[in-house]
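Residues per chain, in single letters:
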Amino acid sequence: ASFTLESGKVTALTGPSGSGKSTASSLLLGFLAPQSGRITVDGVDLNLIPAEDWRAILSWTPQAPYLFNDTLAANLRLADPDASEAQLAQAAHLARADEFIARLPNGYATIIGERGARLSAGQAQRLALARAFLKPGGLVILDEPASHLDPDNEARIGEAARLLAQGRTVLLI
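Residues numbered from 1 in each chain as written. Predicted model: local features only at pLDDT ≥ 70, side-chain atom pairs only at ≥ 80, totals over all residues. Heavy atoms only, no water.

Visitor: Explain the nonpolar core to me, using residue names and the numbers behind them.
Guide: Core analysis: the largest hydrophobic core is formed by 31 residues, its most contacted members being Leu72, Phe100 and Leu127. Elements represented by at least two residues in this core include exactly α3 (72-76), α4 (85-94), α5 (98-101), α6 (121-134), β5 (139-142) and α7 (151-165). The element best represented in this core is α6, accounting for seven residues. When residues no more than four places from it in sequence are discounted, the contact partners of Leu127 are Leu67, Leu72, Leu76, Ala97, Phe100, Ile101, Ile112 and Leu119. Counting twelve residues, the second-largest nonpolar core is a separate cluster that includes Leu28, Ile39, Leu46 and Leu58. (Core = buried A, V, L, I, M, F, W, Y, C linked by side-chain atoms within 4.5 Å. Buried < 20%, exposed > 50% of the residue type's maximum accessible area, 1.4 Å probe, protein only. Helix = DSSP H or I, 4+ residues; strand = E, 2+ residues; numbered from the N terminus. Contact = heavy atoms within 4.5 Å.)

Visitor: Hey, could you go over the confidence of the model for the chain for me, with residue numbers and the actual values?
Guide: Confidence in the prediction of the chain, expressed as mean pLDDT, is 86, and 96% of residues score 70 or more. Of all helices and strands in the chain, the one with the weakest mean pLDDT is α7 (74), whereas α3 scores best (95). (pLDDT = per-residue confidence, 0-100.)

Visitor: So, a nonpolar patch on the surface: which residues are in play, and what are the values?
Guide: On the surface, Phe31, Leu32 and Trp60 cluster together to form a nonpolar patch covering roughly 300 Å² of accessible area. Residue position: Leu32 is located in the loop between α1 (21-29) and β2 (40-41). (Patch = residues over 30% accessible without salt bridge, like charges linked within 9 Å, V, L, I, M, F, W, Y side chains within 5 Å. Areas by Shrake-Rupley, 256 points an atom, 1.4 Å probe, with all protein chains shown as cover. Salt bridge = Lys/Arg side-chain N within 4 Å of Asp/Glu carboxyl O.)

Visitor: Before we move on, could you go through the packing of α4 against α6 and cite the residues and values that matter?
Guide: One can describe the packing of α4 onto α6 by two numbers: an axis separation of 8 Å at closest approach and a directional angle of 125°. In terms of their interaxial angle, α4 and α6 are classed as oblique. The two elements α4 and α6 meet at a crossing, and its hand is right-handed. Along its contact with α4, which presents Gln87, Leu88, Ala91, Ala92 and Leu94, the element α6 presents Ala130, Phe133 and Leu134. Its residues placed into classes, the contact of α4 with α6 shows seven nonpolar, one polar and no charged. (Axes fitted to C-alpha atoms, helices over the stretch in contact; angles between N-to-C directions. Parallel < 35°, antiparallel > 145°, perpendicular 65-115°, else oblique. Left-handed = near helix turned anticlockwise from the far one by under 90°. Nonpolar A, V, L, I, M, F, W, Y, C, P; charged D, E, K, R; others polar.)

Right, here's the structure in full:
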């Protein structure tokens, strides 16, 4: 396979189940190394870019985002440990998560349970998008962000994803 992600553009990667879409994202994330060929970023082999530097500009929203048994704020700060409360609130607003966070018993201090057990799939996905909003620019990989969601959550996530794509390079699976 060969494709180019153009800076500041959204590229959709489509195909039937099992065709390698998630493998392509795993390669870009550095979870897998190519068995042949290479991945380049502005002409530089990805293997030559320090993983820390690459991951600092990379955001990923997997189909099932992992959330820890901690506060909602701590889960958001995985993207930026130094994020202020105002930055968390802004990211949540952009991800359309602020409306449900306001209804939680302790807001951002609510313990959400292992794997986000106290949240719906749509709420968990919006938190993953909020994490992406906390990262500066760069590359965003959205791996089927609205799969298996009801139409209302799908619409909210679609709206948030469009906002997230502004000024970023996006791979939408």
